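# Structural features, examined
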Amino acid sequence: MPDTTFVADFYNTNAEIENNRLVDGKLEFAVTLRTILDSLPKGNFLRIADIGGGTGRYAIELAKLGHKVTLSDISQGELELAAENAKAAKVTFEAIICADATKLRESAFSQDEKFGVVLLLGPLYHLLGREERIAALSACAALTKPNGMVFASFITKFGHLRDVARRDPGRLAREAEFYNEYLENGKYDRRKDCFSHHTHPTEVRDLLRGIPELSVERLVACESFLGFASATGLNRLSEDGFQAWVEVALRFASDPCSLGASEHILAVARRV
């Protein structure tokens, strides 16, 4: 299993940065939240587990709608900030649990209690081995009621490579040995303070086929065909102007071309 204490330390140190990440990634947040909401049964209040939910951005929006949300994260610092954010938003979580997504079966989550929806919007970024990602997804499936929904997010290799091209294009040649391996296995472990795994849309589908309890309904490109850099230009628009772009982004979010253009991919799966 990975040494996820590095991940906890990183997010404890950078809780405020992560809290603000989805401000810059406004389209990612909007497309992800809309995809979740559009997939839920209408008129029902559900028990939802947000695993790796950080400072509570999605959990708060879901709690505002009346859902009973349990927020979990590996970072105690982020959970403390989430509690402050929830108080400011005047919502209450059903529970806040500090837990490692790779050890859910050993955590405060009861295996006898099931959720209608489980979110895994972050932990898979930091699991380098395929077997570790399968274990985390399987644990989430075990927490989900039959016919319930699991949403899992991934970072793409293309998104990282675009960022390198934009910020430090010479790095590809300077660190050719590292990037030759990276293109094969998606392991981004060149930093000392944290590590991550980046993937490709076909790898996401292949991974999810390894969890027989889950049936994939669709993949969604969270930045759609725009990608992160272009999408940040939308942040200056009025709300009406921004929502017009959200609708277009959603229209093409499952197009294979958009899946290749996006930094983040959201897998929508049903518990069978």
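Above this text you will find the structure in question.
These notes cover the structure that comes with them. (Residues numbered from 1 in each chain as written. Predicted model: local features only at pLDDT ≥ 70, side-chain atom pairs only at ≥ 80, totals over all residues. Heavy atoms only, no water.)

### Examining the overall build of the protein
Which entries qualify depends on this criterion: Counting from the N terminus, the helices are DSSP H or I runs at least four residues long and the strands are E runs at least two residues long. C-alpha atoms define the radius of gyration in this analysis, and the globule rule sets the expected value at 2.2 Å times the number of residues to the power 0.38. By definition in these notes, contact holds between two residues if any of their heavy atoms fall within 4.5 Å. In short, Shrake-Rupley with a 1.4 Å probe defines the accessible areas, and a residue's cover is counted only from the protein chains shown. Only four residue types enter the charge count: Lys and Arg as positive, Asp and Glu as negative, with His and the chain ends excluded. Note that the charge is assigned to NZ on lysines, CZ on arginines, CG on aspartates and CD on glutamates.
Tallying secondary structure elements over the protein gives 13 helices and nine strands in all. A compact globule built from 272 residues should have a C-alpha radius of gyration of about 19 Å, and the protein, at 18 Å, falls within 12% of that. Taking the principal axes of its C-alpha atoms as reference, the protein extends roughly 50 × 45 × 35 Å. Expressed as a percentage of contacts within the protein between residues at least 6 apart in sequence, the contacts between residues at least 24 apart total 75%. Surface accessibility of the protein: about 12700 Å² in total, with carbon and sulfur atoms responsible for 53%. Between the mean site of the 33 positive side-chain charges and the mean site of the 38 negative ones, the protein shows a separation of 4 Å.

### As for the pairing of strand 2 (residues 68-73)
Heads up, the rule is: Residue burial is assigned from relative accessible area. The probe radius is 1.4 Å, only protein chains are included, and a residue is buried under 20% of its type maximum, exposed over 50%, and partly exposed in between. Note on pairing: two strands pair once DSSP finds at least 2 bridges between them. Clockwise travel from the first strand over the helix to the second, with the strands pointing away from the viewer, marks a crossover as right-handed.
Across the six residues that make up strand 2, a large majority, five, are buried. In terms of strand pairing, strand 1 (residues 47-51) meets strand 2 through five bridges, oriented parallel. Residue D50 lies in a different strand from strand 2, and its bridge partner there is L71. Of the strand pairs in this sheet, strand 2 and strand 3 (residues 95-98) are connected by four bridges, and their pairing is parallel. Counterpart to S72 in the pairing with strand 3 is I97. At this point the chain moves from strand 2, through helix 5 (residues 76-89), to the parallel strand 3, and the crossover so formed is right-handed.

### Comments concerning the packing of helix 2 (residues 15-24) against helix 5
What counts, and what does not: To define axes, lines are fitted to C-alpha atoms, for helices over the stretch in contact only, and angles between the resulting N-to-C directions are given on a 0 to 180 degree scale. Should an angle fall under 35 degrees it is taken as roughly parallel, and over 145 as roughly antiparallel, whereas 65 to 115 is taken as roughly perpendicular and any remaining angle as oblique. Whether a crossing is left-handed or right-handed is set by the direction in which the near helix is turned from the far one by less than a right angle, anticlockwise for left-handed and clockwise for right-handed. All amino acids are sorted into three groups, where Ala, Val, Leu, Ile, Met, Phe, Trp, Tyr, Cys and Pro are nonpolar, Asp, Glu, Lys and Arg are charged, and the leftover types, Gly among them, are polar.
Viewed as axis vectors pointing N to C, helix 2 and helix 5 meet at an angle of 55 degrees, and their least axial separation amounts to 9 Å. One element, helix 2, and the other, helix 5, form an angle in the oblique class. The hand of the helix 2/helix 5 crossing is right-handed. Between helix 2 and helix 5, the contacting residues are A15, E16, E18 and N19 on the first element and G77, E78, L81 and N85 on the second. Residue classes in the contact of helix 2 with helix 5 are distributed as two nonpolar, three polar and three charged.

Just geometry here; none of it tells us what the structure is for.
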